[in-house]
Amino acid sequence: MDKIIIEGGRPLYGEVKISGAKNAALPLITATLLTPGWHVLHNVPDLRDTRTILALLESLGLVWERQGSTLRINSAGLIGFEASYELVKTMRASVLVLGPLLARLGRARVSLPGGCAIGARPIDFHLQGFKQMGAILTLEQGYVDAQVTGRLRGATIYFDIPSVTGTENILMAAATADGTTVIKNAAREPEVGNLVEMLTAMGARIEGSGTDRLVVHGVSDLQPAEVTTIPDRIEAGTYLIAAGAAGGDVTLTNCNPSHLPALLEKLRVIGFTIEEGAGTIRISRPPPVAGQGGVPLRSVDIKTQPYPGFATDLQAQIMALMTMTSGLSVITETIFENRFMHVAELKRMGADIRVDGHSAIIKGNGRLKGAQVMATDLRASASLVVAGLAAEGVTEISRIYHLERGYENLVDKLANLGAVIRKEKA
Ligand code: EPZ
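On a predicted model such as this, the values are computed, not experimentally measured, just so you know.

A. A look at the packing of aromatic side chains. Enumeration according to the criterion identifies 1 aromatic pair in this entry. Ring geometry for Phe125 against Phe159: centres 6.1 Å apart, planes inclined by 35 degrees, an arrangement best described as tilted. Highlighted residues: Phe125 in helix 5 (residues 124-132) and Phe159 in the loop between strand 10 (156-158) and helix 6 (164-174), separated in sequence by 34 residues. Exposure remark for Phe159: the relative accessible area of 1% places this residue in the buried category.

Here it is in structure tokens:
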């Protein structure tokens, strides 16, 4: 397995272009199942996860072609309705085929996604919603088999927790259902809004985008659409935190500052200068005050929340930064039950972190030290990259296939900012 080697302690300078959002592209790609014809998706990142979902759609009979970051997908040849365990276990987001397959074919057979490193991650909200819309679900050999005779029916669906892919699955199922569907306590993540934009372009009638109450008036048919994937706010947040940890002056381009409200405020409290522009965010650290050395980074408490709260997908990354601040920070993870896998690895680099239930107490103690560490999941891997950039000495990160799921050209992008980073065949 490949690994990444970083010689830390070098500040980052320059510009980095943010790619399209992985977590927006995945539902946009599965939405093409809803209707035949050539859909055109722009700004789609080329990642392990987007390649996985395209392989799944291909196995169902779809055809697609990529020109740069533009995908053209046609589901006219749709013949299959099964997502295999082999595919789903590598990427839980494969469950996003359930809603469109039920709507298009009245049938879907999808392996229940096993748990993953960060938690059990059930899909009971998705399944409950489909049942309310008239689907008959049976569970056998780890597969959920869903069927509906004729069209799905509109229903009022309440999510106990504002599930992102749960909201997306029900939206896709509701677009051509008979009647009106109301989703209460819906997820408000920008990626959901991007899907609403695509479904609307296809002819769906959806109200309440961006709010926690979505109303979908079912229509009888949809047309293929052209849509642009929103910028990846988690990739953007990761580079901001990396630039903060390594020091320097970095400008992100092709991003959307309004998608990172919580992170930008936290970085300002910690002590960074954050300048928001049209599609750009610049982070820098005030120069040392004469005779007083560098401005100390202030510790700050963080609590992950559904959007627009602090994103759980940036929790591991900002923890690496908090190890360098002065004082105690408390990070509370409220979304997933096991999202502190990066703590043990950061401690190998000298971090002083104690986990107590859903909270981690970080005692800022200056510089981390390079070490051999192991990636355990996508965002934990990103946390180790942030730590390696800031640490004294060399950091070796193994199992980097996790990283390649969600970060396009990460090594090149960081090297272009002045990092000494390379990928090696292990
Ligand atoms: C999406 O996952 C993202 N993935 C995750 O990003 C992200 O961490 C998560 O939303 C939260 O923002 C994609 O969009 C592909 P949820 P999702 O359903 O939809 C519980 C990354 O790193 N829940 O919003 O699977 C669940 O256990 C990934 O890019 C149920 O109990 O997350 C969790 O505690 C990681 N039953 C909470 O809700 C359900 O049916 C939020 O989960 C569904 C969810």
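B. Expanded view of the pattern of salt bridges. In total, this model carries 21 salt bridges according to the counting rule given. When the shortest N-O distance is used, the salt bridge between Glu7 and Arg10 registers 3.9 Å. When the shortest N-O distance is used, the salt bridge between Lys22 and Asp49 registers 3.7 Å. Taken together, the residues Lys22 in helix 1 (residues 22-31) and Asp49 in helix 2 (residues 48-59) connect sequence positions 27 residues apart. Asp49 shares its class with Lys22; the two are buried. Each of Glu82, Arg107, Arg109, Glu140 and Asp145 takes part in one network of salt bridges that share partners.

C. Main features of the domain arrangement of the protein chain. Taken domain by domain, the protein chain consists of domain 1 (2-19 + 231-425) and domain 2 (22-228). Computed from C-alpha atoms alone, the centre-to-centre distance between domain 1 and domain 2 is 31 Å. Taken together, the contact between domain 1 and domain 2 spans 25 residues of the former and 20 residues of the latter. The junction of domain 1 with domain 2 conceals about 1900 Å² of combined surface from both sides, 51% of it contributed by carbon and sulfur atoms. Linking domain 1 with domain 2 are 3 salt bridges, by the criterion used here. One salt bridge in this structure joins Asp49 and Arg405, with 2.8 Å as the shortest N-O distance. Summed over the shared surface of domain 1 and domain 2, the result is 7 residue pairs in polar contact (both at pLDDT 80 or more).

D. Geometry of the sheet that holds strand 22 (residues 372-374). Strands sit in the order 22-23-1-24 across an open sheet of 4 strands; the sheet is mixed. The open sheet has two free edges, formed respectively by strand 22 and strand 24 (420-424), since each of these has just one partner strand. With direction set aside, neighbouring strand axes in the sheet form an average angle of 20 degrees.

E. Just the site of the ligand, in detail. Near the ligand you find 22 residues, and of these Asp124, Ser163, Thr165, Asp313 and Ile335 are the closest. One nitrogen or oxygen atom from the main chain of Phe125 is found 2.7 Å from an oxygen atom belonging to the ligand. Bound to the protein, the ligand loses 89% of the 830 Å² it would expose on its own. Counting only elements with at least two residues in the shell around the ligand, the list comes to helix 1, helix 5, helix 6 and helix 12 (378-390). Looking at side-chain class alone, the shell around the ligand contains 10 nonpolar, 5 polar and 7 charged residues. If you count residues domain by domain, the shell around the ligand takes at least three from each of domain 1 (2-19 + 231-425) and domain 2 (22-228).

F. Region of interest: the sheet that holds strand 5 (residues 70-74). Taken in spatial order, the 4 strands line up as 4-5-3-14 in an open sheet, and their pairing is mixed. At either end of the open sheet lies a strand with only one pairing partner, and these are strand 4 (63-67) and strand 14 (226-228). The average angle at which neighbouring strand axes cross in this sheet is 15 degrees, direction not considered. Both strand 4 and strand 5 contribute to a ladder of 5 bridges, which runs antiparallel. Pairing of Glu65 across the sheet is with Arg72, part of strand 5. Strand contacts of helix 7 (residues 190-201): strand 3 (38-42) and strand 14, with the helix running at about 160 degrees to strand 14, the strand carrying the most contacts.

G. Examining the environment of Val373 more closely. Mapped onto the secondary structure, Val373 falls in strand 22. Taking the C-alpha atoms as reference points, Val373 and Ala344, separated by 29 residues in sequence, lie 9.2 Å from one another. Among all residues touching Val373, those that are not within four sequence positions of it are Glu345, Arg348, Met349, Leu384, Thr395, Glu396, Ile397 and Ser398.

H. Expanded view of helix 11 (residues 341-348). Regarding helix 11, the residues found buried are His342, Val343, Glu345 and Leu346. Tucked inside the fold, the buried residues of helix 11 contact helix 10 (315-322), strand 20 (352-356), strand 22 and helix 12. Just downstream of helix 11, Gly350 is the residue with a positive phi angle, here 100 degrees.

I. Focus on unusual backbone geometry. Following Tyr307, the chain continues to Pro308 via a peptide bond in cis, the omega torsion being 10 degrees. Of note, the phi angle at Asn254 is positive, near 55 degrees, even though the residue is not glycine. Here Asn254 is to be found in the loop between strand 15 (248-253) and helix 9 (261-270). The exposure class of Asn254 is partly exposed, given its relative accessible area of 30%.

Calculation notes
- Residues numbered from 1 in each chain as written.
- Predicted model: local features only at pLDDT ≥ 70, side-chain atom pairs only at ≥ 80, totals over all residues.
- Heavy atoms only, no water.
- Phe/Tyr/Trp six-rings, centres within 6.5 Å; stacked < 30°, edge-to-face > 60°.
- Helix = DSSP H or I, 4+ residues; strand = E, 2+ residues; numbered from the N terminus.
- Buried < 20%, exposed > 50% of the residue type's maximum accessible area, 1.4 Å probe, protein only.
- Salt bridge = Lys/Arg side-chain N within 4 Å of Asp/Glu carboxyl O.
- Domains from an automatic or database assignment.
- Contact = heavy atoms within 4.5 Å.
- Buried area = accessible area lost by both parts, 1.4 Å probe.
- Polar contact = N/O pair within 3.5 Å; in protein donor to acceptor, adjacent residues only side chain to side chain.
- Pairing = 2+ DSSP bridges.
- Axes fitted to C-alpha atoms, helices over the stretch in contact; angles between N-to-C directions.
- Near = heavy atom within 4 Å.
- Areas by Shrake-Rupley, 256 points an atom, 1.4 Å probe, with all protein chains shown as cover.
- Nonpolar A, V, L, I, M, F, W, Y, C, P; charged D, E, K, R; others polar.

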